[in-house]
Each structure stands twice: as structure tokens, then as C-alpha cells.
Amino acid sequence: MVETYRPNDKERIGVFSNCVEDYLLFKDAVEDVDGIFNISIRLILMRKFYAPKDAVEIKKVLRSFVKLKEDSDCIDGAREMLREFDKYKELPYVSFEYYGQHMKGLGDLVDEVLYSTFLHGDIKRLIRISRGPEDIYNAAMQTVAKDREKYLLEVYNYIKSNIDLEDCQKIC
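The rules behind the values
- Residues numbered from 1 in each chain as written.
- Predicted model: local features only at pLDDT ≥ 70, side-chain atom pairs only at ≥ 80, totals over all residues.
- Heavy atoms only, no water.
- Patch = residues over 30% accessible without salt bridge, like charges linked within 9 Å, V, L, I, M, F, W, Y side chains within 5 Å.
- Areas by Shrake-Rupley, 256 points an atom, 1.4 Å probe, with all protein chains shown as cover.
- Salt bridge = Lys/Arg side-chain N within 4 Å of Asp/Glu carboxyl O.
- Buried < 20%, exposed > 50% of the residue type's maximum accessible area, 1.4 Å probe, protein only.
- Helix = DSSP H or I, 4+ residues; strand = E, 2+ residues; numbered from the N terminus.
- Polar contact = N/O pair within 3.5 Å; in protein donor to acceptor, adjacent residues only side chain to side chain.
- Contact = heavy atoms within 4.5 Å.
- Core = buried A, V, L, I, M, F, W, Y, C linked by side-chain atoms within 4.5 Å.
- Lys, Arg positive; Asp, Glu negative; His and termini not counted.
- Charge placed at Lys NZ, Arg CZ, Asp CG, Glu CD.
- Axes fitted to C-alpha atoms, helices over the stretch in contact; angles between N-to-C directions.
- Parallel < 35°, antiparallel > 145°, perpendicular 65-115°, else oblique.
- Left-handed = near helix turned anticlockwise from the far one by under 90°.
- Nonpolar A, V, L, I, M, F, W, Y, C, P; charged D, E, K, R; others polar.

Chemist: Please set out a nonpolar patch on the surface residue by residue, giving values where relevant.
Modeler: A contiguous nonpolar patch, built from Val33, Phe37 and Phe118 and spanning about 260 Å² of accessible area, is present on the exposed surface. Here Val33 falls in the partly exposed class, since its relative accessible area comes to 32%.

Chemist: Residue-level account of the side chain of Asn38, with values.
Modeler: Of note, Asn38 is situated in helix H2 (residues 35–50). Its relative accessible area of 10% is what places Asn38 among the buried residues. Side-chain polar atoms of Asn38 contact the backbone oxygen of Val30, separated by 2.7 Å. Among all residues touching Asn38, those that are not within four sequence positions of it are Val30, Glu31 and Val33.

Chemist: I'd like to hear about the nonpolar core, residue by residue, with values.
Modeler: Judged by nonpolar contacts, the single largest core of 38 residues is most densely connected at Phe16, Leu43, Phe49, Ile58, Leu152 and Ile159. Where this core is concerned, the elements lending two or more residues are helix H1 (9–29), H2, helix H3 (58–68), helix H4 (75–90), helix H5 (106–119), helix H7 (134–162) and helix H8 (165–169). In terms of residue count, H7 provides more of this core than any other element does, 10 residues in total. For Leu43, the residues in contact, after removing those within four places along its chain, are Val110, Leu114, Met141, Val144 and Ala145.

Chemist: Quick rundown of a negative patch on the surface? Include the residues and the values.
Modeler: A cluster of acidic residues, Asp28, Glu31, Asp32 and Asp34, forms a negative patch on the protein surface. Take Asp32: it is sitting in the loop between H1 and H2.

Chemist: Describe the packing of H2 against H7, naming the residues involved and giving the relevant values.
Modeler: Look at H2 against H7: their axes get within 9 Å of each other, and the N-to-C directions meet at 45°. The angle between H2 and H7 places the two elements in the oblique class. For the pair H2 and H7, the crossing hand works out as left-handed. Touching Ile36, Ile39, Ser40, Arg42, Leu43, Met46, Phe49 and Tyr50 of H2 are Asn138, Met141, Gln142, Val144, Ala145, Arg148, Glu149, Tyr151 and Leu152, all from H7. Residue composition of the contact of H2 with H7, by class: 11 nonpolar, three polar and three charged.

None of this, on its own, says anything about what the molecule does.
What follows is the structure, encoded as C-alpha cells:
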């Protein structure tokens, strides 16, 4: 049986901040990549911040922050950001059926594209997206990338302004 290392709260925040800083470097590096490919790369790089199995999922990071700062006034802001997490993960502006698959929001539609073509080659998803108009995916991906990045950077900047990141990063 393989044991998975579980970071403590300080380590999680340190790794999160390193990952966000790396994301920003990658974002700058792909700035000249055309349109939807630029957006796709950014969404792929942001995936770890929204995936429940990842150590740097924003929900986990905010919970770690709240634990570390439990006696501080700044935890109210972190708790509010925690409540907003699902809004930015799923973006449930709409709920709809898409070729037999129930979509909870634009986030689900973006996952259809990412998992079908860029990440895992999921055949069922690839078949579904091949039936739909490309403009729908492009619009969804642009909206989701913009909103997820905005939220990610809000969380990062909030944590950065309320905790010594260098101290957390020493562990990494």
C-alpha cells in the first residue's frame, strides 16, 4: 500500500504560493500563444487549484489558512472566499443537458474539453464535444479561465497579505 504524504497547514500554504507564482511565470511565457490554446494552457495549469484530490485545492488552502490564523480578524475574509469556491469551480450560471450529459455549469463544459483532448483522452467526452459547436466551448473556456484566474489571484493575494509566505515556503 502506498502512503500519501499529507502536508501540514503551513506546508500546504507554502506549496500553494509556490504553485501560484509558477502559474504566473507560465502565464507570461505563453502570452504570445494564440487565443484558445493560451486559454487551454492556463486552464490546465489552474486545474490543481480546483481539483478536490490535489493538495493545493483552494478549499484546502483556505481551511489551512483559517487554522493557522484562527485568532486573527483576517479569517472572516478567508471564510467568505471559502463560501465562494464552488461558484468559481463550477460557475453554475446555467444548468443544461448536453448530448445526454447533465452539465452543472460552464465549468463542467470546460472539463469536457480539457479531459477529452488535453489531459486524458476521455473517449466519451471527445465524442460529445465533437458533436457540439466549437464557439460554445471557446466562449465557456474564456469565461471560466478569466473567472477562475481572478478568484485564484484574489485568494493568493489575500493570503499573501495576511501571512508570512517566506516562512511557509522555507519548508518546500
